[in-house]
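Secondary and tertiary structure notes
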There are 2 protein chains.
Amino acid sequence: MTIPSIPKGTRDFGPTEVARRNYIFNTIRQVFECHGFQPIETPAMENLSTLLGKYGDEGDKLLFKILNSGDFIGDLPASSFISANASLLSTKICEKGLRYDLTVPFARYVVQHRNEIVFPFRRYQIQPVWRADRPQKGRYREFYQCDADVIGSTSLLNEYELIQIFDEVFQKLQINVRIKINNRKILAGMAEILGYPDKLVAITTAIDKIEKIGFDRVKEELIAAGLSEEALSKLQQLLQMTRQSNAEKVEFMREWLAGSAIGNTGIDELETLLQFFQPGELQNVLEFDLSLARGLNYYTGTIFEVKALNVEVGSIAGGGRYDNLTGIFGLEGVSGVGISFGADRIYDVLLQLNKFPQKLLETTCVMFVNFGLATVQYLLPIIKQLRQQGVSAELYPEEAKIKKQFSYANARNIPYVAIAGDEEMAKNQIMIKHMASGNQQAVDKKEFVGHFISLLQSSRSVE
Amino acid sequence: MTIPSIPKGTRDFGPTEVARRNYIFNTIRQVFECHGFQPIETPAMENLSTLLGKYGDEGDKLLFKILNSGDFIGDLPASSFISANASLLSTKICEKGLRYDLTVPFARYVVQHRNEIVFPFRRYQIQPVWRADRPQKGRYREFYQCDADVIGSTSLLNEYELIQIFDEVFQKLQINVRIKINNRKILAGMAEILGYPDKLVAITTAIDKIEKIGFDRVKEELIAAGLSEEALSKLQQLLQMTRQSNAEKVEFMREWLAGSAIGNTGIDELETLLQFFQPGELQNVLEFDLSLARGLNYYTGTIFEVKALNVEVGSIAGGGRYDNLTGIFGLEGVSGVGISFGADRIYDVLLQLNKFPQKLLETTCVMFVNFGLATVQYLLPIIKQLRQQGVSAELYPEEAKIKKQFSYANARNIPYVAIAGDEEMAKNQIMIKHMASGNQQAVDKKEFVGHFISLLQSSRSVE
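Report on the accompanying structure.

Looking only at helices and strands, chain A features 17 helices and 16 strands. On C-alpha atoms alone, chain A measures out to a radius of gyration of 29 Å, which is more than a quarter above the 23 Å that the 2.2 N^0.38 rule sets for 463 residues. Counting only C-alpha atoms and orienting by the principal axes, one finds that chain A spans roughly 95 × 70 × 45 Å. Residue burial in chain A is summarised as follows: out of 463 residues, 58% are buried. Excluding contacts between residues fewer than 6 apart, the proportion of contacts in chain A whose partners are at least 24 apart in sequence is 69%. Surface accessibility of chain A: about 19800 Å² in total, with carbon and sulfur atoms responsible for 47%.

Residues and elements named next belong to chain A. Here we have eight strands laid out as an open sheet, ordered β1-β5-β6-β11-β10-β9-β7-β8, and mixed in their pairing. Edge positions in the sheet fall to β1 (38-39) and β8 (285-288), since each of these pairs with one other strand and no more. Note that strand β5 (residues 121-130) and strand β6 (residues 142-151) share 10 bridges and pair antiparallel. Its bridge partner lying in β6, F121 is registered against I151. Against the sheet, helix α6 (residues 157-172) touches β5, β6, β7 (177-183), β8, β9 (302-308), β10 (315-322) and β11 (336-342), its axis set at about 15° to β11.

Here we take up the sheet that holds strand β8 (residues 285-288) of chain B. Residue and element names in this part refer to chain B. On the basis of which strands lie adjacent, the open sheet formed by eight strands has the order β1-β5-β6-β11-β10-β9-β7-β8 and mixed pairing. Taken across any chain shown, the strands that pair with only one partner, and hence form the sheet edges, are β1 (38-39) and β8. In the sheet, strand β6 (residues 142-151) pairs with strand β11 (residues 336-342) via seven bridges, with the strands oriented antiparallel. When the sheet's bridge partners are listed, D147 is paired in β11 with S340. Strand contacts of helix α5 (residues 103-112): β5 (121-130), β6 and β10 (315-322), with the helix running at about 135° to β5, the strand carrying the most contacts.

In this section: the interface of chain B and chain A. The interface is formed by 102 residues belonging to chain B together with 102 residues belonging to chain A. Both faces considered, chain B and chain A share a buried interface measuring about 8600 Å² in area, 61% of it formed by carbon and sulfur atoms. The interface formed by chain B and chain A includes eight salt bridges. Residues D12 of chain A and R108 of chain B are paired through a salt bridge, measuring 2.5 Å at the closest nitrogen-oxygen approach. Between the two partners, chain B and chain A, sit 42 residue pairs in polar contact (both at pLDDT 80 or more). No other element matches the six residues that helix α14 (residues 373-388) of chain B contributes to the side of chain B that touches chain A. Residues that form the side of chain B that touches chain A fall into these classes: 51 nonpolar, 31 polar and 20 charged.

A separate point is helix α1 (residues 15-34) of chain B. The terminal C-alpha atoms of α1 of chain B lie 28 Å apart, and with 20 residues this matches the ideal 28 Å at 1.5 Å per residue to within 8%. Backbone geometry just after α1 of chain B places G36 of chain B at a positive phi near 80°.

What follows covers the pattern of salt bridges. One pass over the full model with this rule turns up 42 salt bridges over all chains. Ionic pairing is found between E161 of chain A and R122 of chain A, a salt bridge with its closest N-O pair at 3.8 Å. Separated by 39 residues along the polypeptide, E161 of chain A in helix α6 and R122 of chain A in strand β5 bring together distant segments of the chain. Residue E161 of chain A shares its accessibility class with R122 of chain A, and that shared class is buried. The salt bridge involving K209 of chain B is made with E221 of chain B; its shortest N-O contact spans 2.7 Å.

Here we take up unusual backbone geometry. As a rule of thumb, non-glycine residues mostly have phi less than zero, and peptide bonds are mostly trans rather than cis. Residue F119 of chain A is joined to P120 of chain A through a cis peptide bond whose omega torsion reads -5°. Looking at where P120 of chain A falls in the secondary structure, it is placed in the loop between α5 (103-112) and β5. Look at Q174 of chain B: it is not a glycine, yet its phi comes out positive at around 60°. In this model, N428 of chain B sits at a positive phi of 60°, which is unusual for a non-glycine residue. Take N428 of chain B: it is sitting in the loop between α16 (422-426) and β15 (429-434).

Expressed as a screw operation, the relation of chain B to chain A combines 0.0 Å of axial shift with a rotation of 180°, fitting to an RMSD of 0.1 Å. Here the transformation between the copies is reduced to the relation of a two-fold axis. The rotation axis passes nearest to the C-alpha of I66 of chain B in chain B, at a distance of 2.3 Å. Most of the interface of chain B is mirrored in chain A, where 100% of its interface residues again form contacts.

We now examine the packing of helix α7 (residues 184-193) of chain A against helix α8 (residues 200-207) of chain A. All names here are of chain A. Interhelical geometry of α7 versus α8 gives an angle of 110° and a closest axis separation of 9 Å. Between α7 and α8, the crossing angle belongs to the class labelled roughly perpendicular. Relative to α8, the crossing made by α7 is right-handed. Contacts between α7 and α8 involve R184, L187, A188, M190 and A191 on the former and, on the latter, L200, I203, T204 and I207. Classifying every residue of the contact of α7 with α8 gives seven nonpolar, one polar and one charged.

The next thing to look at is the nonpolar core. Taken as a class, soluble globular proteins show a tendency for nonpolar side chains to be buried jointly. Formed by 278 residues in total, the largest nonpolar core has its most connected members in F341 of chain A together with F341 of chain B. Leaving out residues up to four positions away in the same chain, F341 of chain A has contacts with I28, F32, Q145, C146, I165, F166, V169, F170, I316, A317 and I346 of chain A. Residues F64 and I66 of chain A together with I66 and A132 of chain B belong to the second largest nonpolar core, which totals 14 residues.

Moving on: the pairing of strand β4 (residues 94-98) of chain A. Residues and elements named next belong to chain A. A large share of β4 lies buried, amounting to four of its five residues. As judged from the three bridges shared by strand β2 (residues 45-47) and β4, these two strands associate in the antiparallel manner. If you follow N47 over to β4, its bridge partner there is K96. Alignment of strand β3 (residues 65-67) against β4, held across three bridges, turns out to be antiparallel. Within β4, the residue paired with I66 across the bridge is K96.

Residues and elements named next belong to chain B. Along the chain, D101 turns up in the loop between β4 (94-98) and α5. Look at D101: it is buried, it has no salt bridge, and the nearest opposite charge is R131 at 5.0 Å. One polar contact links the side chain of D101 to the main-chain amide nitrogen of T103, over a distance of 3.2 Å. Look past the residues within four positions of D101 in its chain and what remains in contact with it is Y55, V129, R131 and Q145.

Here the focus is the packing of aromatic side chains. According to the stated counting rule, one finds 37 aromatic pairs over all chains in the structure shown. Ring centres of F166 of chain A and F341 of chain A lie 5.6 Å apart, and the angle between their planes is 65°; on these two criteria the pair is classed as edge-to-face. Of the two residues, F166 of chain A is situated in helix α6 and F341 of chain A in strand β11; the sequence distance between them amounts to 175 residues. With respect to class, F166 of chain A is no different from F341 of chain A; both count as buried. For the pair F448 of chain B and F452 of chain B, a centre-to-centre distance of 6.0 Å together with 10° between the ring planes defines the contact as stacked. In this pair, F448 of chain B and F452 of chain B both sit in helix α17 (residues 448-462), four residues apart, roughly one turn of the helix.

What counts, and at which threshold
Residues numbered from 1 in each chain as written. Chains lettered and ligands numbered in written order. Predicted model: local features only at pLDDT ≥ 70, side-chain atom pairs only at ≥ 80, totals over all residues. Heavy atoms only, no water. Helix = DSSP H or I, 4+ residues; strand = E, 2+ residues; numbered from the N terminus. Rg over C-alpha atoms; globule rule 2.2 N^0.38 Å. Buried < 20%, exposed > 50% of the residue type's maximum accessible area, 1.4 Å probe, protein only. Contact = heavy atoms within 4.5 Å. Areas by Shrake-Rupley, 256 points an atom, 1.4 Å probe, with all protein chains shown as cover. Pairing = 2+ DSSP bridges. Axes fitted to C-alpha atoms, helices over the stretch in contact; angles between N-to-C directions. Buried area = accessible area lost by both parts, 1.4 Å probe. Salt bridge = Lys/Arg side-chain N within 4 Å of Asp/Glu carboxyl O. Polar contact = N/O pair within 3.5 Å; in protein donor to acceptor, adjacent residues only side chain to side chain. Nonpolar A, V, L, I, M, F, W, Y, C, P; charged D, E, K, R; others polar. Expected span 1.5 Å × (residues − 1). Least-squares fit on C-alpha atoms with pLDDT ≥ 70 in both. Parallel < 35°, antiparallel > 145°, perpendicular 65-115°, else oblique. Left-handed = near helix turned anticlockwise from the far one by under 90°. Core = buried A, V, L, I, M, F, W, Y, C linked by side-chain atoms within 4.5 Å. Lys, Arg positive; Asp, Glu negative; His and termini not counted. Phe/Tyr/Trp six-rings, centres within 6.5 Å; stacked < 30°, edge-to-face > 60°.

What follows is the structure, given as structure tokens:
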């Protein structure tokens, strides 16, 4: 017998994993909705014309393309089917691809439905995306993104809300994090003051890595990129300005950036944003980090990144402001700001920190033992009543040995087992057994439902 | 400007549609869980070898295949790229396909994870599937299935539970339905008694259509299939046996099937199943329907189908028992029984019957008007407190004209708008306005959160 398998980089999720993943999704969803964000969903398949060219050459290669149905060859000459042509050919035999992220489909959605949408549009979207990346630890070919964006408003109150959302989500999940912010305009100002406004990308790409590789290697990269010794010592001085409060950093940077108009705008934006926060309002640290750059070509204002403390896992959420997301589909001048949670990494963090609630493992509240038709008929009305009260209950479907039925309940993490043998039935009773403690007690059949519900409530309040 | 679009047969779902769809999914999920079913999720992509040959030739054609990444041509000779070869060629340049239903991936899951699974395994799965069907009204290329199966138990108590689930789901959704049941063994018995045990498929395929096309055309089909006049008049007599209670039908059929061992087993199973139900237990009609056949080659015992009353939409749920689902992957002798809800059709029924709860349209509970920085700072702590109490609240992000802010609240179906202008701020108050009635009242800022929550609760209890 050949055991069937699934494509590499994909995963099956069993009941425990689904419960844990839903715990993450539901926590994020609840916070999004509390802030007035509304859900949308887009199809798994988009036209390739929507996706191609939006993620760079590397991204184009990582798109999963869907073969046209029926005769996908048609008039294509046999001579075009050569390996060297594979990339070009793929776009002729495939019209559709699987979505690669939620941002481009969202931009497409906004343009396509712009006449139905009420702006400012606060949307969230929690759906899987697919990438033909080389599978490796923690990187999958199918994974979920959880995005929230506000589109059609330039107000920095949106940034403020998104930072609150980071703070609330991770507080609810009991993960301590550091929320880092920066502003692309500050980065542009830095490049100006250093004398290399045209080398913005090289400079920020390099300093983005400072935490990982240290200043010396950043310096090497920037010398290779053509920066002068003078500029580099100026930069070093700047990046050594650490361990100060956000207010001190802002003050320092305002002076440092004095000669740059864009740099000053960036500082103004950052200062306005920081002033919305009351002292002690956030549970987590909010840190202005000059070296934060994240996907710079994309963002135009505020940039966010969230890192978990006490665990090595990279960033678990991020985002930023983009002034022209829908421009790629011809709708200009719509500013937006958005964030994204990496559900898979958050899953790993919760697992490592052992922070998943224990109750996620419990499913059915009570299993009734099956001793054959007489018990079944005795118990069915009780089971129905329990379910009507919202209590999940199961009757073991077979008249199996009691040991087998109990080991089923054990393996399923069912906390209570109920038994009605001849003796109990004769007395109009049901025996209820708490699996963890072994405690059992006989309860009058008529009072069983009420009794069991108060038992559940008291055991929950103890937890 | 070219407006971007999505592939035909796929859909975008806006906030209202997502809320309505989640209402359906959550109702079904809640009932599944109350009966002890556990969720699993499988990847969107399966290996083509898992999918091919499982849905017949027609199904194979309707699979969406995913082009291999990179050089998908490799050693394939250019001469193999001709239209006549398209079907064969597609399996050489594609290793993966999108799942076509949830049943085959579930069978694959059970075989692959058989050592981790606790049997009897009650699993549910709510995920999208993809079919390259010709798009038409009510038929999509991406749609959700909501399946529940019990695998590893032959007990008819499982069928009983699944019928309860049908009944509870549609009761909660306020859709009146007729739940039809039959048994494949009864159909096999009928074919035997008619003298054509080998024509079981032709006979049941024909009579399955009797409601749609009438007995005369069914008769034509069966004459063409080779049935004698005598057999046909016997069949007609049988199918005219309508408008009787299930018990009467069972009695009649037991006699009619007297000479068929398999037919008798079918009647025994049906009778046992029916006897689990207490009088008045179900909210909907449960009807033994001899002409119900549904995907006969697949089912081996009980067959279910659910039709909505008062609306023309076909079946909205169905299912049945299969003795050997996992046999296709080499694991023999595992019996299962399952049901599936058609979420898209249920959506259409709820829309036609106007049975979606009104509250699904409401999202944010209250929007705060933005009059600039002073109000913003006055309001932010209140908004934060509301959210901490689980109340969804928004501050309009821009200092826009009040008319614009109110029309945003209207368009978004936000029931309350809160205002703090100079006057209110001077008195330490906030004005709260109920949008539908126009009623407004000034509330002390300190008491606002408590006041608003009791306002919400009283308006909800009125609904």
